[in-house]
Amino acid sequence: MCGIVGYIGERRAQPVLLGCLRKLEYRGYDSCGIAVTADGLQVYKDAVRVEALAKSAPQFGGTVGIGHTRWATHGGPSKINAHPHLDCAGRIAVVHNGVITNFRELRRKLAAEGHIFLSETDTEVIPHLIEKYDTGDLEAAVVAALREIEGSYAIVVMKAGEARLVVARKDSPLVIGIGDRENFIASDVPAFLEHTGRVIYLEDGQTGSITRSGIRINSGGREIAPKEDKVLWSANEAQKGGYDHFMLKEIHEQPRVIRNTLAEFTQAEETASGSDLTREIGVSPILMLACGTSYHAALVGKYVLEDLVNIPATVEFASEFNHRKNIFGKPLGIAITQSGETADTLKAMKRVRSQGGRVIAVTNVVGSTASRIANQTIYTRAGPEISVAATKTFIAQLMILYWLAMSNSKADSRRIASLLLELRQLPNRVQQVLDNEGIIAGHAKFLSRYEHAFFIGRGINYPVALEGALKLKEVSYIHAEGYPAGETKHGPFALLGRETPVIAAVSRDDTYEAMMTSMKEIKARSSPVIALSEDGDGAVEELADFVIPVPHVDCIFSPVVNCVALQLLAYYAARERGCPIDFPRNLAKSVTVE
Ligand code: G6P
């Protein structure tokens with residue numbers, strides 16, 4: 001979704017801002033723009049990619065500037081609606097993430113006072129309000145303007161002739177990067193990671209005034225000492241590192257991600273205090289809240305927690321949970337969100353907390369809003385994930401859920417000991433899947449010729465079918481549906497035939513025979529079948545048209561090897577179809593609107 005950048009220093013701001021905006025492209029956007037202070041205020045924006053903007057923009061001087069990538073909400077993608085937005089005099093420029101809910105009313109009032117609006121956006125009221133209150137002190141004018149604003153915002157404000165950027169946030173992330181005689185601002189750390197890893201996360205309700213060599217933070221009208229953090233991600237992690245796409249690189253990083261996430265969790269376990277909420281897993285029912293791929297991780301977690309901890313676990317789409325009339329009892333919430341910024345998930349977390357419930361957040365982003373709302377946060381150590389389609393963060397989420405279940409398990413100790421051994425072997429098993437990349441790419445070539453596909457699975461592999469279908473549609477634009485295999489007879493069978501391939505996740509557990517039956521029924525209706533199955537399973541090989549071999553693992557871990565194989569299948573199908581794999585149309589890495 002929208003991305004914010006800001007720069008103030010000794011270098012020419014324009015190339016720095018454009019470089020930072022390129023790093024935010026992964027968030028998904030439809031227009032972009034910059035403003036710099038040079039001979040007054042120079043603004044250049046359009047409904048184009050950052051690369052095109054960089055090519056067509058005039059070369060501005062000036063060492064202070066702001067930039068934005070916009071994902072349209074109020075008003076379509078256009079030059080006029082792109083940020084930065086200006087006041088009447090063209091002296092104050094603002095970039096904004098979030099939604100101003102009372103913008104219509106504010107706009108009416110301001111228009112009656114003589115302010116002229118050019119765009120359809122909610123954002124444009126902000127520079128006009130600041131202009132109204134500006135008597136010379138920019139930060140004071142921003143504070144006065146924000147008093148009138150309802151909704152969510154992360155903003156950066158600049159004014160012609162001032163070597164200062166003013167920032168503010170409420171329910172939308174903003175982080176300041178500390179450099180040497182230069183400072184950066186962004187909605188997301190990767191934007192400036194190549195310049196600095198020293199950061200200050202702005203908190204809700206805070207404003208800040210940033211110059212080349214100073215950062216002042218105000219909270220509730222009082223200056224406070226800023227808290228500096230160090231980002232553990234390296235700039236290299238946010239590069240393609242020789243791969244054609246971030247998605248492929250991130251798929252290949254998964255053996256390491258599994259190791260890092262498990263190491264992190266075992267270390268945390270050693271130092272955990274008595275108030276550690278993870279120790280309460282197994283005491284109250286569990287309510288998992290998530291969206292998209294994270295929701296599929298939660299569904300796998302449900303099977304694992306119910307099996308190993310013997311506790312009921314409910315999984316809800318956060319967006320649906322937010323419309324529930326009642327929350328029954330006091331479940332222990334687990335919110336799963338790679339970005340930590342998904343608006344629906346944050347709202348659901350707040351709802352649980354407002355009812356007296358407690359929430360553990362599982363997220364990949366240190367300092368994210370989810371980590372601030374949660375009672376406790378567990379970090380997946382996946383490193384920055386740039387491709388919009390989640391891969392390594394999903395596998396890391398699964399690791400956390402396995403660990404939570406195993407460390408609170410009521411299963412007999414021999415089973416847990418053997419699962420632990422297998423868990424430690426998972427990086428090698430995933431590597432075995434990656435080694436079959438060539439076979440999977442071949443099957444993907446076949447799949448890429450179709451416009452529709454079904455993914456089926458049973459039990460713990462039902463979420464695998466959902467995730468496989470989601471991955472394929474996200475990156476290849478093939479219409480794909482995930483189904484519990486047993487349900488396909490109740491409707492989807494009407495669509496079977498030569499033109500509709502079916503991808504079946506077959507695991508050697510108690511669903512095996514039923515899956516074989518489903519595949520036979522599907523074959524009898526002429527649909528081509530691609531089966532994921534354990535290496536050397538002759539019965540599956542005989543039945544399916546194509547087999548993706550995966551190594552043997554305890555069936556509880558089959559979602560890991562199966563999903564990695566399906567990630568590769570989606571990737572290569574998309575590649576075959578010439579899709580923009582890392583930045584699919586209309587999608588965003590972090591969905592910060594409801
Ligand atoms: C977007 C992303 C998906 C992600 C979903 C939930 O749709 O494109 O990859 O699964 O949001 O995001 P979260 O950050 O909450 O896991």
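Residues numbered from 1 in each chain as written. Predicted model: local features only at pLDDT ≥ 70, side-chain atom pairs only at ≥ 80, totals over all residues. Heavy atoms only, no water.

What follows deals with a nonpolar patch on the surface. On the surface, Ile80, Ile116 and Leu118 cluster together into a nonpolar patch covering about 340 Å² of accessible area. With respect to the helices, strands and loops of the structure, Ile80 is situated in the loop between strand 4 (64-70) and strand 5 (85-86). (Patch = residues over 30% accessible without salt bridge, like charges linked within 9 Å, V, L, I, M, F, W, Y side chains within 5 Å. Areas by Shrake-Rupley, 256 points an atom, 1.4 Å probe, with all protein chains shown as cover. Salt bridge = Lys/Arg side-chain N within 4 Å of Asp/Glu carboxyl O. Helix = DSSP H or I, 4+ residues; strand = E, 2+ residues; numbered from the N terminus.)

This part covers the sheet that holds strand 12 (residues 206-210). Here we have seven strands laid out as an open sheet, ordered 5-6-7-8-12-13-14, and antiparallel in their pairing. In this open sheet, the two strands that pair with only one neighbour each are strand 5 and strand 14 (222-224). Note: strand 8 (residues 165-170) against strand 12, four bridges, orientation antiparallel. Bridged to Ala168 within strand 12 is Thr207. (Pairing = 2+ DSSP bridges.)

It is worth spelling out the packing of helix 8 (residues 292-308) against helix 15 (residues 462-476) at this point. Running from N to C, helix 8 and helix 15 cross one another at 170°; their axes reach a closest spacing of 9 Å. Considering their axes alone, helix 8 and helix 15 lie roughly antiparallel with respect to each other. Considering how the two elements wind past one another, helix 8 and helix 15 form a crossing that is left-handed. Counting all contacts with helix 8, which are made through Gly292, Thr293, His296, Leu299, Val300 and Tyr303, the residues of helix 15 involved are Tyr462, Pro463, Leu466, Glu467, Leu470 and Lys471. Here the residues of the contact of helix 8 with helix 15 sort into seven nonpolar, three polar and two charged. (Axes fitted to C-alpha atoms, helices over the stretch in contact; angles between N-to-C directions. Parallel < 35°, antiparallel > 145°, perpendicular 65-115°, else oblique. Left-handed = near helix turned anticlockwise from the far one by under 90°. Contact = heavy atoms within 4.5 Å. Nonpolar A, V, L, I, M, F, W, Y, C, P; charged D, E, K, R; others polar.)

Moving on to the pattern of salt bridges. Throughout the structure, instances matching the rule amount to 29 salt bridges. Taking the shortest distance from any N to any O, the salt bridge between Glu385 and Lys589 comes out at 2.6 Å. Of this pair, Glu385 sits in the loop between strand 20 (376-379) and helix 12 (392-407) while Lys589 sits in the segment after helix 18 (558-576), and the two are 204 residues apart along the sequence. When salt bridges with common partners are traced through the structure, they connect Lys249, Glu253, Arg256 and Lys392 into a single cluster.

Close to the ligand lie 14 residues, the nearest being Ser294, Thr337, Ser339, Thr342 and Ala588. Take Thr337: an N or O atom from its side chain is 2.8 Å from an oxygen atom of the ligand. Within the contact set of the ligand, an oxygen atom lies 2.5 Å away from a side-chain nitrogen or oxygen of Thr342. Look at the ligand: alone it shows 380 Å² of surface, and the protein chains cover 90% of it. Structurally, the ligand is housed in the largest pocket. Broken down by element, the residue count for the shell around the ligand peaks at three residues, all from helix 8. Counted by class, the shell around the ligand contains five nonpolar, seven polar and two charged residues. Looking at the shell around the ligand, you find at least three residues from each of domain 2 (239-411) and domain 3 (433-594). (Near = heavy atom within 4 Å. Polar contact = N/O pair within 3.5 Å; in protein donor to acceptor, adjacent residues only side chain to side chain. 1 Å grid on protein atoms, 1.4 Å probe; cavity = no way out; pocket = protein on both sides within 12 Å on 5 of 7 lines; lining within 4 Å. Sits in = over half its atoms within 2 Å of the grid points. Domains from an automatic or database assignment.)

Our next topic: the domain arrangement of the chain. Under the domain assignment used here, the chain contains domain 1 (3-231), domain 2 (239-411) and domain 3 (433-594). Summarising the inter-unit geometry, the C-alpha centres of domain 2 and domain 3 are found 24 Å apart. Contact with domain 2, which involves 40 residues of that partner, is made by 35 residues of domain 3. Here domain 2 and domain 3 share an interface that buries about 3,200 Å² over both sides, 66% of which is from carbon and sulfur atoms. Counting every contact that joins domain 2 to domain 3 gives two salt bridges. The interface formed by domain 2 and domain 3 includes 19 residue pairs in polar contact (both at pLDDT 80 or more). Elements represented by at least two residues in the side of domain 2 that touches domain 3 include exactly helix 6 (246-252), helix 7 (254-271), helix 8, helix 10 (343-354) and helix 12. Take the side of domain 2 that touches domain 3: its biggest share by element is nine residues, from helix 8. Of the residues in the side of domain 2 that touches domain 3, the class split is 22 nonpolar, 11 polar and seven charged. (Buried area = accessible area lost by both parts, 1.4 Å probe.)

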